[in-house]
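Coordinate inspection notes
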Amino acid sequence: MPNGSKPNIPISISAHVIESDKKILTKTDKTGYLTLDYAGPIKVIVDPGSDTIDVHEQGFGTSQIKIDIHLISHDQELDPITITGTFSRKSISSNPYNIRVIGKKKITSMAAQNLSDVLQNESNIQLGQDAVIGTSAIMQGIGGNDIKILLNGIPIIGRIGGNIDVSQIPMSNVERIEIIEGPMSVIYGSDALGGIINIITKEPLGKSLHLKANSYVDNIENYNVNASVQTRIRKSLPISFSAGRQFFRGKDFDKATRTLDWKPKEKIFADFNTVYKHKNISFRLGSNFFTEELTDRSNAENNLITYFGYNSKYYTYRWDNQIQLNLKFNNYSQFQWQNAFNIYTRRKSTTKRNLVTGEENAFRPQDQDTTNFRLINSRGVYLYKAPSRKIDLNIGFDFTHEIGNGKRIPVSNPGITDFATFATFDLHPTSQWDIQPSIRVVNNSRYGSSIIKDYGGTAKGFAPLIPSLQLKYKLSKHLVFRGSYSKGYRAPSIKELFFNFVDIQHNVHGNENLDPETSDNFIISADYRHRLSAHSFTNFNFSIFNNNIRNKITLGLQDALTNYYTYINIGRFKSQGLNVKFGFKSKQMNYAFSSTLISVVDEIPQEDSVLHQNYLNGQVAFNVTRKFIKKNTALNVITRYTSPTFGYNEDLTRYKIGGFYLVDAIYSGKLYKQKIGYQFGIKNILGITSVNSNRSQGNSTHAAAGNSVLVSPGRLFFLSLNLTLF
């Protein structure tokens, strides 16, 4: 909403008439106007809502007869409101963190079906594809267990190969995505060493009835449908429910083989949300369910009697439940409490199929497997905002207990418990400066030999102190500078400690002697945002960063004769880089450009030396949108280039993956009073399917073949329709 526009809901106003000690509680009208007809000194407090303490207080003197109040809306389009990392709502320009927001409009303009579709268009984020494991994300050159993905602030569990499969997270009910790069271990604990991605879903609106349905189809046989309904039991108790199905038939580039390069998948998902607000209490209950069935077929084999093949099915089940409570004590303090119980199951079933008769029977017992993970998380935060507005204080606790079991995790009921306390002090000595020191103290059930490791102390069970410092300087109304130092910490996961995977193709073992990863991160950035008119604005962001990770955990080959792999600490990992973003929006045109350059250095200890290996990697993305106002349509063209990247085989030799371009063109519009929306277009216009790579395949833990890495199933023509019934 442009700056200076009117609110569309009443805003609460409280006033205190000093002389008579009279207290008044009222609201503006929907246009933001209110008149207080009281003489004498008066204090007025503007309160945006019961779920926040972002209030504004203003005093008036003795000379006025009445006070005319006119509230205007915040410029949400240019300067979006965020909640990640700060616990209360703050605009990007007010946030001490260098945060980016991907809103619903942008997600829709990409015709994004899952989180992978969104992240592939973001700079400083790279995606990796695996036919069975799925799609992984890398930020600032850091990926795997070091990237934490949240759903409404709650960790998502279920990592395969150290990664959350971002293609398993549908976008149908997502309101926005907030991303912070660099360590967020002070606020979000372990696994946030490289950054966080917070997916925020829609909150029930409280309408009497709101029904939407969406469909998507393309030429490579993706068939997706979903629907959502919002209603209310009573005015103060809105509820929402959504469900969907995504089906992909699979894609193969060699029709002579039985196996498919892109495996067939069927995903079914649903979620439920309800919100209760009464005076100073806000309560939210949410439940999200997801299941995926992936089919992996082997090539045909034959013996003297018949032809046969193997069919492996991988079943993923994820059920995330959360309860959030906001209790507002007064205009200056509140308590937030969120609790979560998450369930994740991965099951593999392999059968041997007679390709002549069609008969199918279960294969060897070692090819049938089920692995389960459970997570309990409880986080409480007390927020205090001083009346002087000179200091904001957040003090909280964070409890996490994760347990795993299955044939590949032989330890009886292995689990890791992590309990932490943390505090942030947001100081505002002047209207220009924002200084936020933070600290976290962690007690981990398996790690930590001192409270302040490397600085002395002997209290067993405590990890190193995790500090951070955020600085923000507002040079002008439009220009903000930020600088930060953050320490990162990640304890090894259950899989890295206990996981054993041994069959004809794998010989992978956990390592109970792993050391935790620690890191230091520095970021300096400049952010410029300027509204030029009611319909146009420009923004520019420049940042440089440096990461230094010690004891980085990776999978390493220990014995080539037996193909024995285990998780190891490899020494130091460094990444430095810069990121540039520019945007301009007018009534009809929208331009966005971003570019990233990253330098990665690995220091790998050898028997009598240290091996230094480094490489450069870059990305460039450009997006242009042309709006046709009279037709209520728009054309969106998205281009991005990823330069060649490098990595390491499990025997620590380096491999290279070639660079590639991707180009999309999407046309969208609305009909019949905005109730019918449509999109059609071409994704991957250039038809890129894979890039060359010299990655070693013979000694990899995954059976793969060929000298290429998958990028996309190919050129994709699609059509999407959405319908708003009520």
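Just so it is clear, the structure is predicted and the values come from calculations on it, not from any experiment.

Taking strand neighbours across the sheet as the criterion, the four strands line up as β32-β33-β37-β36 in an open arrangement whose pairing is mixed. Of all the strands in the sheet, the pair left with one neighbour each is β32 (500–502) and β36 (553–559). Adjacent strand axes in the sheet meet at a mean angle of 25° when their direction is disregarded. As paired elements, strand β33 (residues 507–509) and strand β37 (residues 564–569) share two bridges and run parallel to each other. In the sheet register, His509 faces β37, and the bridge partner there is Thr566.

Core analysis: the biggest nonpolar cluster contains 40 residues, and Met184, Ile187, Tyr188 and Ile196 have the highest contact counts within it. Counting residues per element, the ones that place at least two in this core are α3 (185–188), β26 (369–385), β28 (415–427), α4 (494–498), β36 and β37. Per element, the largest residue contribution to this core is four residues, and it comes from β26. Those residues in contact with Met184 that lie beyond four places of it in its chain are Gly85, Tyr97, Gly189, Ala192 and Ile196.

Now for the pattern of salt bridges. Scanning the entire structure with this criterion turns up 26 salt bridges. A salt bridge links Arg440 to Asp398; the nearest nitrogen and oxygen atoms lie 3.0 Å apart. One end of the pair, Arg440, is in strand β29 (residues 433–444); the other, Asp398, is in strand β27 (residues 391–406), with 42 residues separating them in the sequence. Among the residues examined, Arg440 registers a relative accessible area of 1% and is labelled buried. Measuring nitrogen to oxygen at the nearest pair gives 3.8 Å for the salt bridge that ties Asp520 to Lys487. Placement of Asp520 in strand β34 (residues 517–533) and of Lys487 in strand β31 (residues 479–490) is noted, with a sequence separation of 33 residues between them. Accessibility expressed as a relative area gives 14% for Lys487, which makes it buried. In this structure, a network of salt bridges that share partners links the residues Asp146, Arg490, Glu496, Glu517 and Lys552.

Quick notes on the rules
- Residues numbered from 1 in each chain as written.
- Predicted model: local features only at pLDDT ≥ 70, side-chain atom pairs only at ≥ 80, totals over all residues.
- Heavy atoms only, no water.
- Pairing = 2+ DSSP bridges.
- Helix = DSSP H or I, 4+ residues; strand = E, 2+ residues; numbered from the N terminus.
- Axes fitted to C-alpha atoms, helices over the stretch in contact; angles between N-to-C directions.
- Core = buried A, V, L, I, M, F, W, Y, C linked by side-chain atoms within 4.5 Å.
- Buried < 20%, exposed > 50% of the residue type's maximum accessible area, 1.4 Å probe, protein only.
- Contact = heavy atoms within 4.5 Å.
- Salt bridge = Lys/Arg side-chain N within 4 Å of Asp/Glu carboxyl O.

Read these as layout, nothing more, since geometry by itself doesn't imply function.
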